[in-house]
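# An overview of the molecular structure
Chain by chain, the residues run as shown.
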Amino acid sequence: MLNKQLLSLIPDLKQIVFQSVFFKWLTLICSIIITTAICTFINSCLTQTADSRKILLTLIIIAVCILLRCLFTGLSVRASTELSQKAKYRLRKLIFSHLAKIGPSYSRYVPAAEAVQVSVEGIEQLESYFGAYLPQLFYALCAPVTLFIFISFLDIRSAAVLLICVPLIPLSIVFVQKIAKKLLSKYWNEYTNLGDTFLENIQGLTTLKIYGADEERHRDMNVKAENFRKATMRVLIMQLNSISVMDIVAYGGAAAGIITMLYRFAAGKTAFLSAVIIILLSSEFFIPVRQLGSFFHIAMNGSAAADKIFRILDTEIPSRGTADVPQKSAISFKAMNFSYEKDKETLKGINFETGEMGLYAFAGMSGCGKSTTAALLTGRLTDYAGSIKIGGTEINDLSEKALDETVTLIEHNSHIFKGTIESNLKAGKKNSLRG
């Protein structure tokens, strides 16, 4: 399971994956040499052909291979860690940069809770996808072939039986994938939906308390939390069942290879040394693919998170103009309409005009549209109907820099830091999300 769109976002991906797989393969070679050396030593003892020189040589070979195996394992883990870290950094940078380009109005396209959940938990799932699943996928392809080539020199039929049984695990993975994809998609939908609701309730807790609606929201949160719990349990059940299926296939395949080898040994067609080596290496045929099956669930979860990431990255960036604003600029609204929802208009037929200089105030009941009007003037909201002009230029035609330097929004919960009010306003412009 490869997500080509996701892989294309990570630089140096092929090189690092190759390094990790290569070191894993060298670890396998060391294991084969250690197993062969031990079996040869046992055979020499049984045939009474072992001497001090052979024993010393065998111990040296085993010690060297163990040290090399530790070294190659460490290098493989290091390469995988480097890959996962690069992937996390790259993806988080892409998400933040895209949201910054959208500007303060990003929450209209991507809920803030979803952006946080995908950027944190979702990308953590992808860390395992890049660091564990991808290297294991390619290693699981080359390891059985390497073992088949080696064992075929000992007994071709046993090697063939083991190799034939290996693809049964990927087939079981493909079968599970169809079920897992639906369950994980629903899991992430429930997860982000719960996060959105939780953040919305926390932000509006004071308002909910004032209007006595907190109890209703509490019951709604309980329902969504229960739905998320059920979705999580369904994913866990699917994972446990699929692991059991893969274990049965792996153990069954190893048993089939061993039984074939024992039958040929009993018939005198396989030497004792070859039989012992095949018995000890038979499990190695299935361990890489079996581990791939375990990482498959991580990959599926990461793939579901990747869909959310691409939904954010595919969000269209609102276009801005290039016009500047004169120093003395009148503000005018003409037949301006705006709505957050298609079936409900928030502002309708707004008309007013200010002078080039002066102090003006909007007053009205809560919910009449004062904050929405301020958001339209700052460019946080852009999809309005009618006309909003500053200095005779439509606000959507103004450059981002010009709008930032002309309009500053001070909300009711703003904080004044050390310094003058002017320095706070300038710092606010510099630190704007638009950067």
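Use the structure listed above.
Quick summary incoming for the structure in this document.

## A short note on the overall build of the chain
In terms of helices and strands, the chain carries 13 helices and four strands. Burial analysis of the chain (435 residues in total) assigns 39% to the buried set. Intrachain contacts of the chain at a sequence separation of at least 6 include 80% that bridge at least 24 residues. Here the chain displays about 24900 Å² of accessible surface, and carbon together with sulfur accounts for 61% of that area.

## Some remarks on the sheet that holds strand β3 (residues 385-390)
Strand order in the open sheet formed by four strands is β2-β1-β3-β4, with antiparallel pairing between adjacent strands. Unpaired on one side and paired on the other, β2 (347-353) and β4 (393-394) mark the two borders of the sheet. Seen against the sheet, helix α11 (residues 370-378) touches β1 (331-338), β2 and β3 and runs at an angle of roughly 115° to β1.

## Re the packing of helix α2 (residues 13-46) against helix α3 (residues 52-102)
The geometry of α2 relative to α3 is characterised by a closest axis approach of 8 Å and an angle of 160° between their N-to-C directions. What the angle tells us is that α2 and α3 run roughly antiparallel. In the crossing of α2 with α3, the sense of the turn from one axis to the other is left-handed. Here the residues of the contact of α2 with α3 are counted per class, giving 21 nonpolar, eight polar and four charged.

## Details of the pairing of β1
As paired elements, β1 and β3 share five bridges and run antiparallel to each other. Looking across to β3, one finds that S332 is bridged to K389.

## Considering the nonpolar core
Counting residues in hydrophobic clusters, the biggest one holds 58 residues, and the most contacted among them are Y129, F130 and F286. Mapped onto this core, the elements with two or more residues apiece are α1 (4-7), α2, α3, α5 (112-152), α6 (156-165), α9 (214-266) and α10 (272-313). Excluding residues that lie within four positions of it along the chain, F130 makes contacts with L6, L7, I10, L13, L83, S84, A87, L91 and P135. Core analysis: the next-biggest nonpolar cluster, separate from the first, contains 14 residues, M336, F338, L381 and Y384 among them.

## A word on unusual backbone geometry
Note: most peptide bonds trans; most residues except glycine with negative phi. Unusually for a residue other than glycine, A335 sits at a positive phi of about 45°. Turning to its location among the elements, A335 is positioned in strand β1. On the accessibility criterion, A335 (43% relative accessible area) is partly exposed.

## Points about the side chain of R264
Examined against the element boundaries, R264 turns out to sit in helix α9. In contact with R264, not counting residues within four places along its chain, are D155, R157, S158, K269 and T270.

## Some remarks on a nonpolar patch on the surface
On the surface, I38, I42, L46, F265 and F272 cluster together into a nonpolar patch covering about 420 Å² of accessible area. Of all the elements, α2 adds the most residues to the nonpolar patch, at three residues. Looking at where I38 falls in the secondary structure, it is placed in helix α2.

Thresholds, definitions, all that
- Residues numbered from 1 in each chain as written.
- Predicted model: local features only at pLDDT ≥ 70, side-chain atom pairs only at ≥ 80, totals over all residues.
- Heavy atoms only, no water.
- Helix = DSSP H or I, 4+ residues; strand = E, 2+ residues; numbered from the N terminus.
- Buried < 20%, exposed > 50% of the residue type's maximum accessible area, 1.4 Å probe, protein only.
- Contact = heavy atoms within 4.5 Å.
- Areas by Shrake-Rupley, 256 points an atom, 1.4 Å probe, with all protein chains shown as cover.
- Pairing = 2+ DSSP bridges.
- Axes fitted to C-alpha atoms, helices over the stretch in contact; angles between N-to-C directions.
- Parallel < 35°, antiparallel > 145°, perpendicular 65-115°, else oblique.
- Left-handed = near helix turned anticlockwise from the far one by under 90°.
- Nonpolar A, V, L, I, M, F, W, Y, C, P; charged D, E, K, R; others polar.
- Core = buried A, V, L, I, M, F, W, Y, C linked by side-chain atoms within 4.5 Å.
- Patch = residues over 30% accessible without salt bridge, like charges linked within 9 Å, V, L, I, M, F, W, Y side chains within 5 Å.
- Salt bridge = Lys/Arg side-chain N within 4 Å of Asp/Glu carboxyl O.

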